[in-house]
Amino acid sequence: MKLPFAESYKIKAVEQIHRSTREERIRWIEEAKYNLFNLRSEQVFIDLLTDSGTGAMSDKQWAALMTGDESYAGSSSYYKLKDAIEDITGFPYYLPTHQGRAAENVLFSAMIKKGDVVPGNSHFDTTKGHIEFRGAHAIDCTIDEAFHTELEHPFKGNVDLDKLETVLKKYPKGQIPLIMVTITCNSSGGQPVSIENMRAVKKLADQYGIPVFFDSARFAENAYFIKMREPAYKHKPIREIVREMFACADGMTMSSKKDAIVNMGGFIGFRDKALYEKASTFNIMFEGFINYGGMSGRDMNALAQGLYEGTEFDYLETRIAQVAYLGKQLRDYGIPVQYPFGGHAIFIDAKRFLPGLPKEQFVAQTLGVELFIEGGVRGVEIGTLLADRDPDTRENRYPQLELLRLAIPRRVYTNNHMDYVAASVINVFDRRNKITKGLKILKEAPILRHFTVELARI
Ligand SMILES: *Cc1c(COP(=O)(O)O)cnc(C)c1O
C-alpha cells in the first residue's frame, strides 16, 4: 500500500477555539455591522482572514526567543539574522524593519521621487500605497492569463515582458527607479513567478540599467512551485532554487509574517552597499537603529530560525498540500475557485457563486457574511469594498474579480478543519439561490474603507 501523505510536524501546544450557534453568529455579525474585521476573534471558529503573522512558531523558534540579545547596538541577534539572510538569499547587506510595509517605506524613501514609475506584477496594496504616496505610479505588467480564474497556467504571477519593455522604452531611465516583482503574486491569487521569467526580467532590466527588487513575502512558496512546475528544477533542493531566484534581483523587501513564520517582522536585503547606506538613514528615522529596526533581539532570533524552517521542502509540501486539499474539495463540488490553487489561500469567485446579485450590493462581502453565519468561518473580501472609490470622482470602483479569500495560516489548522470549512462553503453554495439581497454601506472612511466600513442588509 502506498503510504499516505501526512504532516511533517506534530503538535506540542494547543489553543482552544470556540464553537458557536447559528443564532449567536447572526447576532454577532449584525453587531459587527456586517464587517468581518469588527468580529472578536473569540467569535470566530476557523479564522482564514489572513496568513499574515498568524502562523504557529516551532519549539526551536520559541527556544530562540530566550537567547535573544536585547543590546541596542551590535547585538548577537542582529548578526544571527544577518548570517541567515545572507545564507538563504545571498544578499550581503540588510536592514531589519517592523514589518513588510515598513521595509517598503524605508526602501522607497531612498529610491522613489515624485513623477517616477515603478513597473511590476500586480503590486501588493501597501506597496502600491507607498509608491502613490510619493506621487509616483505603479504600472501593472502582469500577464493577461492572471485575470482568468479558470485558465490553466503554471505561473500566473509572471511579468509580461512586452508590457514591461513598453514601459522601459516609454520613460527615461531617471524616471524608473526600480522594477518590483512580487513572489508569489499575492494580488493575483498567490500565483508564482517562474525562474525563467525572473531571469528574463533581470536581463531586460540590465539592458535598460534599472535595478530589480523582489517583494518576497512568499518567496519560499514560490520556490516550491518552481520545483514542482519547472522541469529543470525538479531535483534541486528548495534552498538552491531560492538562491537562484534571488540571483535575479538587486534587492528584496520582506514581510517576515508570511514565509518566515513569525508573528511580526520584516527586512530589506541589498546587494549594493551605497544604497544600503542611503536607506540606513531612513531606517534610523522611521524604524530604529540599523541593528534592530523595529524588532526586539528575540524576534530577530525567531526570524532567523523561521527562515530555515520556511525553506524546508517537507514543511512547504505540507503547507501547500493543505491549501490544495481545501481547494480540491470546493472545486470537485463545482464551486468556482481560482485555478490552479495559489500557495497561501483559496479564492472563491463570488460573482460566479452568486450570479444574481448586482455588483452594487458587495457580492464577495455578502458571501463572506453568509459563510460566517453558516460555520463561524472568517474569510476576507477582495472586491469592491477593498477596491474603494476613485479618488477623483468618488465613485465606487468595480474590480474585474470579486473574490472571497480563504487564507490558511501556517501550521495552525488540521485537515479536519479544512473539511469543516469545505462543508460550510458547500452548505452556502447549496442555498445560494435564496441569497437574493446583498449589503449597503452605512458609514465609510475616506481611504482604506474596508477595515472600518459599517454595512446593513438590503
Ligand atoms: C503582506 C505583504 C506585504 C506587506 O507586509 P506587512 O508585513 O503586512 O506590512 C507586502 N507585500 C506582499 C506581497 C505581502 O503579502
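Q: Hey, could you run me through the overall build of the protein chain in this one?
A: Assigned secondary structure in the protein chain consists of 16 helices and 14 strands. Rg of the C-alpha trace for the protein chain: 22 Å, near the compact-globule value of 23 Å for 458 residues, within the 12% margin. Overall size of the protein chain, expressed as C-alpha extent along the three principal axes, is 60 × 55 × 45 Å. Counting only residues that meet the buried cut, the protein chain has 56% of its 458 residues in that class. The contacts of the protein chain with a sequence gap of at least 6 include a subset with a gap of at least 24, amounting to 73%. Entry remark: accessible area of the protein chain is about 19,800 Å², with carbon and sulfur atoms responsible for 53%. Both charge centroids of the protein chain, one from 59 positive and one from 59 negative side chains, sit 1 Å from each other.

Q: Is there a simple way to think about the site of the ligand in this case?
A: Surveying the vicinity of the ligand reveals 14 residues, the closest of which are Gln99, Arg101, Asp215, Ser255 and Lys258. In this structure, an oxygen atom belonging to the ligand sits 2.8 Å away from a main-chain N or O atom of Gly100. Measuring from an oxygen atom of the ligand, one finds a side-chain N or O atom of Ser255 at 2.7 Å. Against a free-state accessible area of 370 Å², the protein chains account for coverage of 97% of the ligand. At three residues, the largest contribution of residues to the shell around the ligand is made by helix H4 (residues 100-111). A per-class count over the shell around the ligand returns two nonpolar, six polar and six charged.

Q: Honestly, the layout of surface pockets in this entry has me stumped. Any pointers?
A: In this approach a probe as big as a water molecule rolls over the atoms, and the regions it shows empty are the leftover space. In this structure, the second largest pocket spans a volume of roughly 1,500 Å³. Taken together, 38 residues form the lining of the second largest pocket, with Ile11, Ala13, Ala56, Arg411 and Val412 sitting closest to its centre. Counting residues per element, the ones that place at least two in the lining of the second largest pocket are helix H2 (59-66), helix H11 (297-309) and helix H12 (313-332). Among the elements that line the lining of the second largest pocket, the one with the most residues is H2, at three residues. If you count residues domain by domain, the lining of the second largest pocket takes at least three from each of domain 1 (22-51 + 312-457) and domain 2 (59-309).

Q: In this structure, what is going on with the packing of H12 against helix H16 (residues 415-430)? I would like to understand it.
A: The geometry of a pair of packed helices is captured by two quantities: the angle between their axes and the separation between those axes. Running from N to C, H12 and H16 point in directions that differ by 30 degrees, and their axes come no closer than 9 Å. The angle between the axes of H12 and H16 places the two elements in the roughly parallel class. Classified by chirality, the crossing of H16 by H12 is right-handed. Contacts from Gln322, Tyr325, Leu326, Gln329 and Leu330 of H12 reach H16 at Asn415, Met418, Asp419, Val421, Ala422 and Val425. Partitioning the contact of H12 with H16 into residue classes produces seven nonpolar, three polar and one charged.

Q: Got a minute to help me understand the domain arrangement of the protein chain in this structure?
A: Buried accessible area, meaning the area lost when the parts come together, often serves as the stated size of an interface. Looking at the protein chain, the domain boundaries give domain 1 (22-51 + 312-457) and domain 2 (59-309). Between the C-alpha centres of domain 1 and domain 2 the distance comes to 27 Å. In this complex, domain 1 contributes 26 residues to the contact, which on the side of domain 2 involves 31 residues. The contact between domain 1 and domain 2 buries some 2,500 Å² in all, and 51% of this surface belongs to carbon and sulfur atoms. The interface formed by domain 1 and domain 2 contains six salt bridges. Close ionic contact of Arg411 with Glu309 constitutes a salt bridge, the shortest N to O distance being 2.9 Å. Sorting the residues of the side of domain 1 that touches domain 2 by element identifies H12 and strand S9 (345-349) as the ones contributing at least two each.

Q: How should I be thinking about the side chain of Asn158 in this particular structure?
A: Note on placement: Asn158 falls in the loop between strand S4 (137-140) and helix H6 (161-170). Not counting the four nearest positions on each side in its chain, Asn158 is found in contact with Cys141, Thr142, Ile143, His153, Pro192, Val193, Ser194 and Asn197.

Q: Explain the packing of aromatic side chains here, please?
A: The relative placement of two aromatic rings is captured by the distance of their centres and the angle of their planes. Overall, the coordinates contain 18 aromatic pairs when judged by the stated rule. A ring pair is formed by Tyr224 and Phe225, whose centres lie 6.1 Å apart and whose planes are at 75 degrees; its orientation type is edge-to-face. As far as the burial class goes, Tyr224 and Phe225 line up, both buried. An aromatic cluster is built from Tyr78, Tyr79, Tyr94 and Phe267, whose rings are joined through pairwise contacts. The residue whose ring lies beneath Lys258 is Phe124, and the NZ or CZ to ring-centre distance is 5.5 Å.

Q: Explanation requested: empty space enclosed by the protein in the structure shown.
A: Overall, the coordinates contain two cavities of 30 Å³ or more when judged by the stated rule. The computed volume of the largest cavity comes to approximately 70 Å³. Together, Asn35, Leu36, Phe37, Leu49, Gln365, Gly379, Val380, Glu381, Leu385 and His450 line the largest cavity. A per-class count over the lining of the largest cavity returns five nonpolar, four polar and one charged. Size it by volume and the second largest cavity reaches roughly 50 Å³. Here the lining of the second largest cavity is composed, by residue class, of three nonpolar, two polar and three charged.

About the criteria used
- Residues numbered from 1 in each chain as written.
- Predicted model: local features only at pLDDT ≥ 70, side-chain atom pairs only at ≥ 80, totals over all residues.
- Heavy atoms only, no water.
- Helix = DSSP H or I, 4+ residues; strand = E, 2+ residues; numbered from the N terminus.
- Rg over C-alpha atoms; globule rule 2.2 N^0.38 Å.
- Buried < 20%, exposed > 50% of the residue type's maximum accessible area, 1.4 Å probe, protein only.
- Contact = heavy atoms within 4.5 Å.
- Areas by Shrake-Rupley, 256 points an atom, 1.4 Å probe, with all protein chains shown as cover.
- Lys, Arg positive; Asp, Glu negative; His and termini not counted.
- Charge placed at Lys NZ, Arg CZ, Asp CG, Glu CD.
- Near = heavy atom within 4 Å.
- Polar contact = N/O pair within 3.5 Å; in protein donor to acceptor, adjacent residues only side chain to side chain.
- Nonpolar A, V, L, I, M, F, W, Y, C, P; charged D, E, K, R; others polar.
- 1 Å grid on protein atoms, 1.4 Å probe; cavity = no way out; pocket = protein on both sides within 12 Å on 5 of 7 lines; lining within 4 Å.
- Points joined across faces, edges and corners; volume = space filled by probe spheres on them.
- Domains from an automatic or database assignment.
- Axes fitted to C-alpha atoms, helices over the stretch in contact; angles between N-to-C directions.
- Parallel < 35°, antiparallel > 145°, perpendicular 65-115°, else oblique.
- Left-handed = near helix turned anticlockwise from the far one by under 90°.
- Buried area = accessible area lost by both parts, 1.4 Å probe.
- Salt bridge = Lys/Arg side-chain N within 4 Å of Asp/Glu carboxyl O.
- Phe/Tyr/Trp six-rings, centres within 6.5 Å; stacked < 30°, edge-to-face > 60°.
- Lys NZ or Arg CZ within 6 Å of the ring centre and 35° of its normal.

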